[in-house]
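Here's the letter readout for the chains.
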Amino acid sequence: MNNGSKKRVIKKAMPMIALRGLVVFPGEVVHFDAGREKSIAAIDEAMSETGKNLVFLAAQTDYETEDPQIGEIYNVGVVAEIRQTLRADGTNVRVLAEGLYRARAVIINNDGGYLTAEVKKYPEDKDMQFNPIESEAVMRAAKEAFEQYSEYVPRMPAQITDAVANASDPKALFEAITFNIVLTLEDRQELLEESCYELRLGMLMTMLTRETEVMLIERQLQEKVKARIDDSQREYYLREQLKVIQEQLGGAPMSTGDMDFMPFEDDDDYEEQIKALHLPAETEKKLLKENERYLKMPPMSQDAAVIRTYMDTVLELPWNERTEDNNDIANARKVLDDDHYGLEKVKDRIVENIAVRALQPDIKGQIICLAGPPGVGKTSIGKSIAAALGRKYVRVSLGGVRDESDIRGHRKTYVGAMPGRIISAIRQAGTSNPLIMLDEIDKLSSDMRGDPSAALLEVLDSEQNYAFRDHYIEVPFDLSNVLFITTANNTSAIDAPLLDRMEVIELSSYTAEEKFNIAREHLIPKQIKKHGLKASDLKIADGAVYSIIEYYTREAGVRSLERKIADICRKTAKLIVSGEKQRVSVTSRNIEEFLGHKKYIDSTVSKKDEVGLVNGLAWTSVGGVMLPMEAIIMDGKGTIETTGSLGDVMKESAKLAVSYVRTICRKYDIDPDFYKTKDIHIHAPEGATPKDGPSAGVTMATALVSALSGIPVRHDVAMTGEITLHGKVLPIGGLREKTMAAYKEGIKTVIIPKGNEGDLDEVDSAVKENVRIVLADKLSDVFDEALAAPRISGKTRKRQAPPSDKPADAEKTAVMR
């Protein structure tokens, strides 16, 4: 090395880090972790104001040395700039640094808390000069060596090979190769200490050639080992086959000539099974072809296992198995009545289905959707229908299914492939005409893996499902004989094309009387048996059952009711087992001893006529509910305030109501300038529950008229309906659930839009018998019925008696009892 000057200039001592297994070159950006206390202290010093982010990096000679001494560190290293530090945890520091220039440590000091070194820049060798032709030759040889080296390195990035190929000078070529290949610590140190780039390339070419030869030998060894393993496996298979052949021949020895003409035979059970099923021509051809492929494969191969599993699955399907339907209508009705109370629409529909099958056994396309709130018996009645028909029953839960393959299955070539849920249900049932209950069909969702609702379109279409193709079995299977029954809480969440393929039967919430009968006939005996009690051990009086229904549960179905009965059974079991009592009697007087204090006491319905308070009705996915609406008037500037988590549609209904009341203000002695001088506040209680929809329009308008005029609203009246700017009352949905909610709250009169007159057939008979239904065509009809003492033009009008059974005039309020 030529110093190039007679005067040696020693720089000020700088922090030094001894690197393990790492040599850094000028221009190279590296990451490394520092965990030793001296290294972390050196980094902190370098990052200080006096350190200027500079540190001297040199490799230690032995990787295993924890605390290297001066003689165990290479003198030649690189001065680097620390760009970034990150303390990964309490002990380690992650460092990002870039090499600036080579340097030699003249003096290394290990006395302080970290290593320091006085360094001198390591100059380039000016004495060794190569002419351009020699440089070009060295570069070509180095590129060729790197190309050969790349052939044996798996997945060499294209940007690295491009950088090497496009390097135009020795320095760029050296950096493109050295920075991107793996070399030993000694080789990298040797390259670092060489000052001439042409000589560096020559050294690098030697290293690449050596590494290439080593990798070539490794590959040859791997190929030889693989060949030996393959030969061993082949020999093993042949020996096993030879044993089987000898066993088939009774152990007789075989000559070579005999083996030359001995045909290979494998188990032909699949072929026999396929032909015995008498399948359709297309299906039989497909299965026989798969069987031929299977026979040609090594029995222990992965492909053979895939085909074997596929054949077993397809042949296990009940291609020709079916149960005979029981067409006895009386028996079917008895089975349904014994298992479930109420649900008359479902029972009538099933009995009608059986009657039609008795006349036309080949009828197809039976797809029924049971829609209603939770807990009303939609799922459980499916098993009863299957028992009534004499069919096998399989339940498929669709809640949360978001992958199309769950319905259609996966291709058999995938690892772990299996049929979809429909074919799996058929396989589980063991017959080709079971009753399949598709539970919670409204809870389907979709994502990037497909839409299961779209996959069900073929399943639930009687014109297509006679040739349903599951992705796994790959042959058509006839689903037209299957009776599909689906359940849903909210049909609006079902895709329209899918909903169009089903006959929807709406199930309403249970009345208190229905719940009482269900509890008495089904729930109490079931829970007594489930808890190991006898009928004589526990007696629940009728009054106690009614108390549970009224004061401890508030639901559309009977699930909570059953849980409360189970609570009583558990406490009874404890009393009997502990010896405190021999038998328990539960009445309305001691019910609190078993279930605690009453949960529901005060009704949301006001007990007296009040100004600005109206009973509205709303629909939810769990049934109808009462929705009281309040309005108050205050002096102000005409601000309209709506609270109670109201949606945009309800807020628009409030504005409609205000605009309409302005047009009729003189009729009810309301100040015409109220919209300028009064602030209006409309509120719907239970503010944490979001509310939206247009059916609260009549409720808001009535509350506003009452609050502005001072006329009380009848507390025993509830209403629902959408309004227009001209005071028309438009039809709404969910009438059956809303009227049931009013009936449960003891409402005597319900005002509904005249446009919903045709929906009264769907209203429960108990509601019709106990609630007076008023049909309103205009808002004036609603006000006449709901306001306690309507005033018109300053005069108080006496309330008219309800109309008789005779048809009312088209312009008057129509009333139906």
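Here the structure is a predicted model, which means the values were calculated and not measured. (Residues numbered from 1 in each chain as written. Predicted model: local features only at pLDDT ≥ 70, side-chain atom pairs only at ≥ 80, totals over all residues. Heavy atoms only, no water.)

A.B. asks: Teacher, can you tell me more about the overall build of the protein here?
C.D. replies: A tally of regular secondary structure across the protein gives 27 helices and 27 strands. Considering only contacts within the protein whose residues lie at least 6 apart along the sequence, 72% involve residues at least 24 apart. On the protein, roughly 42,800 Å² of surface is accessible, and the fraction owed to carbon and sulfur atoms is 50%. (Helix = DSSP H or I, 4+ residues; strand = E, 2+ residues; numbered from the N terminus. Contact = heavy atoms within 4.5 Å. Areas by Shrake-Rupley, 256 points an atom, 1.4 Å probe, with all protein chains shown as cover.)

A.B. asks: Before we go on, may I ask you to explain helix 24 (residues 697-709) in this structure?
C.D. replies: An α-helix turns once every 3.6 residues. As a result, residues three or four positions apart point the same way. Here helix 24 spans 18 Å end to end across 13 residues, near enough to the 18 Å set by a 1.5 Å rise per residue. Remark: glycine 710 follows helix 24 within two positions and exhibits a positive phi of approximately 80°. (Expected span 1.5 Å × (residues − 1).)

A.B. asks: Sorry, what's going on with empty space enclosed by the protein here?
C.D. replies: Over the atoms a probe the size of a water molecule is rolled, and this reveals where empty space is left. For the structure shown, the criterion picks out 3 cavities of 30 Å³ or more. There is about 40 Å³ of room inside the largest cavity. Residue lining of the largest cavity: Ser606, Lys608, Asp609, Glu610, Leu613, Val614, Asn615, Val713, Arg714 and His715, and that is the complete set. Looking at the lining of the largest cavity residue by residue, the class counts come to 3 nonpolar, 3 polar and 4 charged. (1 Å grid on protein atoms, 1.4 Å probe; cavity = no way out; pocket = protein on both sides within 12 Å on 5 of 7 lines; lining within 4 Å. Points joined across faces, edges and corners; volume = space filled by probe spheres on them. Nonpolar A, V, L, I, M, F, W, Y, C, P; charged D, E, K, R; others polar.)

A.B. asks: Help me out: how do you make sense of the packing of aromatic side chains in this one?
C.D. replies: The relative placement of two aromatic rings is captured by the distance of their centres and the angle of their planes. Under the counting rule described, the total for this entry stands at 10 aromatic pairs. Here tryptophan 319 and phenylalanine 477 contribute two aromatic rings whose centre-to-centre distance is 5.0 Å and whose plane-to-plane angle is 55°, an arrangement assigned as tilted. Here the residue tryptophan 319 occupies a position in the loop between helix 10 (302-316) and helix 11 (329-339), and phenylalanine 477 occupies one in strand 11 (residues 476-477), the gap between them amounting to 158 residues. An angle of 90° between the planes, with centres 6.2 Å apart, marks the rings of phenylalanine 674 and tyrosine 675 as edge-to-face. (Phe/Tyr/Trp six-rings, centres within 6.5 Å; stacked < 30°, edge-to-face > 60°.)

A.B. asks: Honestly, the environment of valine 394 in this entry has me stumped. Any pointers?
C.D. replies: Examined against the element boundaries, valine 394 turns out to sit in strand 8 (residues 393-397). When the C-alpha positions of valine 394 and lysine 383 are compared, they lie 8.4 Å apart, and in sequence the two are 11 residues distant. Ignoring anything within four residues of it in the chain, the contact list for valine 394 reads Ala425, Gln428, Ala429, Leu435, Ile436 and Met437.

A.B. asks: Hey, could you run me through the pattern of salt bridges in this one?
C.D. replies: Pairing is possible between side chains of opposite charge, provided their charged atoms come close. One pass over the structure, following the stated rule, counts 43 salt bridges. The partner of arginine 210 in a salt bridge is aspartate 187, with the nearest N and O atoms 2.7 Å apart. Of the two residues, arginine 210 is situated in helix 6 (residues 197-248) and aspartate 187 in helix 5 (residues 185-193); the sequence distance between them amounts to 23 residues. Residue aspartate 187 is classed as buried on the basis of its relative accessible area of 10%. Among the salt bridges present, the one from aspartate 635 reaches lysine 678, with a minimum N-O distance of 2.6 Å. In this pair, aspartate 635 is assigned in strand 17 (residues 623-635) and lysine 678 in strand 19 (residues 678-683), connecting sequence segments 43 residues apart. Each of Lys286, Glu290, Arg293, Lys412 and Glu474 takes part in a single network of salt bridges with overlapping partners. (Salt bridge = Lys/Arg side-chain N within 4 Å of Asp/Glu carboxyl O. Buried < 20%, exposed > 50% of the residue type's maximum accessible area, 1.4 Å probe, protein only.)

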